[in-house]
Each structure stands twice: as structure tokens, then as C-alpha cells.
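Coordinates in review
What follows is each chain in one-letter form.
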Amino acid sequence: MILKCRDKTLEIGKRTYIMGILNMTPDSFSDGGKYNTLEKGIERALQMIEEGADIIDVGGESTRPGYTPVDEEEEIRRVIPVIERLSKISDVIISVDTMKANVALRALEAGAHIVNDVWGLQKDPKMAEVVAKYKAGVVMMHNSISAEYDDVVKSIIEFLKKSIEIAEKAGIERNQMIVDPGIGFGKTLEHNLEVMNRLEELKVLGLPVLLGTSRKSMIGKVLNVDVEDRLEGTAATVAVGIVKGVDIIRVHDVKEMSRVAKMTDAMVRR
């Protein structure tokens, strides 16, 4: 399958692709405040590209548990200058991590190729039409306000089927879509571990799967380590994810995780 993101394409199945996280926020759970100026953001993006990132995911609003929502204008102020600059100096695929249609619109105007929506097109009713208009790629993630499920994986699949339906109604083609089970969003530790164990079930949707486990609390709880000490735990989730059919991994530690992905690919993508 060829994934289309405006004028960019990725051949799905060939190898695991790396999405590097660029948080232009003061309060993200792992690296909030580290890169939240234009110069630092661009420097970090170029470093991640050098280390093997295929996609740079630019976010201007933290979505960690208990996050403080930011208004549209502030989110735009944080992400648009970076996207504009990066699109001029690099050929990398640029993703915008937002749940607001207007922020997505401005990002696509500035040169982004993918919209990464943590509410899977189900929060802002205008999001799907914005993606469709620009023929952008879209990551549709599962999310939930409450962490109560009879069967967490079945619930994720049902939610994502609804997202796909919304996308198709708006005119988004299937070769523009990516699904994400939403590790750490509206799920307990047990839910997250069960989703990791059953990731291959998402293949029923027939779309590329993105996995975002990098430095998350699931790892902290299992290993009893702080956020800056979750490299090995992240590596374990990445390797298992690839074995179970994940196509794209969203990570902070690009150099290390691209090596984990390359080694895992060598064993499982034969």
C-alpha cells in the first residue's frame, strides 16, 4: 500500500517509519519547555531528521493527563512558524498534532502533510473536511473520557471504524488514513498492556497502524522509573509493536528507536 500525504508518499510494509516528536509546548509530560522557541524547535527537528526521522510531528498543546488546554491562537503561534520554516529547509514529512480544525488548516497552509488528531476526527466536526480539502494524511487515534470497557480492543476498533466512516464521508481516501490505538489515552495500565498484547487485531481495519508509547506512564509504572529513564521500556514496546504489525512509531528518542526498528525489521520483515 502507498500512503499518500499531499505530495508525499510512504510505501507501507517496506519498513517501519519513524515519527519524531517535536513539542512546542511549555508543559508536555516528557520534554515540555525544552524546544519551545523557533530556533530550538528547528534545531531539534533537524537533529531528529539526521538521526533517522521520516516524519516530524509538531505539537502546540500538551495532551498529557491533566493538561491545561490552550486556545487556538496560542496553539497557532507555537506551531506555525516551525512548520513554515521546516517545510522550506527540509523535504521531511511534517505532521501537526492537533485536535482543532483551524489549527490543522493553518498548518496545512504552512506546509504540513499530515494531521495527527488525538480524537480521531470525532472532536471538531470540521476536521475531516479540512483534511479532505488538502488531501493530507490523517492519523486517527482512539481516545475516551472514561477508562471503562467490556473489551478494550473491540472498543478501540469500533471507535476507529466510526472515525474511518467520518473520514470517508468527508472525501478522505483510505490511502490517506492511519490508525492509532491511543496508548495512555483513556486507559488504565492493564488496558494499555492488553492493547500492546493484541495490537495485531487492529489489522482488521486494513490501514497502517501508528504506535505512540514513547516514555509513557505505562512504562514508568511497570519499571518504576521516572520519565527521563524510560528508554529501554520504550524500546521493548517498539520491538513488540513492530512484531505485531505496527507501521509507524512515534518517539522522542529517534536515534535509539530507529536502531531498534531497523533491527526488528531485519528479523520480521523478510
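Residues numbered from 1 in each chain as written. Predicted model: local features only at pLDDT ≥ 70, side-chain atom pairs only at ≥ 80, totals over all residues. Heavy atoms only, no water.

1. Considering unusual backbone geometry
Note the threshold: The numbering of helices and of strands both runs from the N terminus, where a helix is a DSSP run of H or I of at least 4 residues and a strand a run of E of at least 2.
Phi at Arg 6 takes a positive value of approximately 60°, unusual for a residue other than glycine. Locating Arg 6 in the fold gives a position in the loop between strand S1 (2-5) and strand S2 (8-11). Even without a glycine there, the phi angle at Leu 121 is positive, about 70°.

2. A short note on the packing of helix H1 (residues 38-51) against helix H2 (residues 72-89)
Applied cut-off: Helix axes are fitted to C-alpha atoms over the stretch in contact, other axes to C-alpha atoms as well, and angles between N-to-C directions run from 0 to 180 degrees. Should an angle fall under 35 degrees it is called roughly parallel, over 145 degrees roughly antiparallel, and 65 to 115 degrees roughly perpendicular, with every other angle called oblique. Less than a right angle of anticlockwise turn of the near helix away from the far helix marks a crossing as left-handed, whereas a clockwise turn marks it as right-handed. Should any heavy atoms of two residues lie within 4.5 Å, those residues are considered in contact. Lys, Arg, Asp and Glu make up the charged group, whereas Ala, Val, Leu, Ile, Met, Phe, Trp, Tyr, Cys and Pro make up the nonpolar group; the residues left over, Gly among them, are polar.
The geometry of H1 relative to H2 is characterised by a closest axis approach of 10 Å and an angle of 45° between their N-to-C directions. With respect to their mutual orientation, H1 and H2 come out oblique. Helix-helix and strand crossings are classified by hand; for H1 and H2 the assignment is right-handed. Facing Leu 38, Glu 39, Ile 42, Ala 45, Leu 46 and Ile 49 of H1, the residues of H2 in contact are Pro 81, Val 82, Arg 85, Leu 86 and Ile 89. When grouped by side-chain class, the residues that make up the contact of H1 with H2 number 9 nonpolar, no polar and 2 charged.

3. With respect to a nonpolar patch on the surface
Just so we agree on the cut-off: Here a patch means residues that are over 30% exposed by relative accessible area and free of salt bridges, tied together within 9 Å if like-charged and within 5 Å if nonpolar (Val, Leu, Ile, Met, Phe, Trp, Tyr). In short, Shrake-Rupley with a 1.4 Å probe defines the accessible areas, and a residue's cover is counted only from the protein chains shown. By definition, a salt bridge exists where a carboxyl oxygen of Asp or Glu is found within 4 Å of a side-chain nitrogen of Lys or Arg. When accessible area is computed with a 1.4 Å probe and restricted to protein chains, residues below 20% of their type maximum are described as buried, those above 50% as exposed, and intermediate ones as partly exposed.
The grouping of Val 243, Met 263, Met 267 and Val 268 at the surface amounts to a nonpolar patch, some 390 Å² of accessible area in total. Examining the composition of the nonpolar patch, we find that 3 residues originate from one element, helix H9 (residues 254-268), more than from any other. Position of Met 267 relative to the elements: it lies in helix H9. A relative accessible area of 52% means that Met 267 is categorised as exposed.

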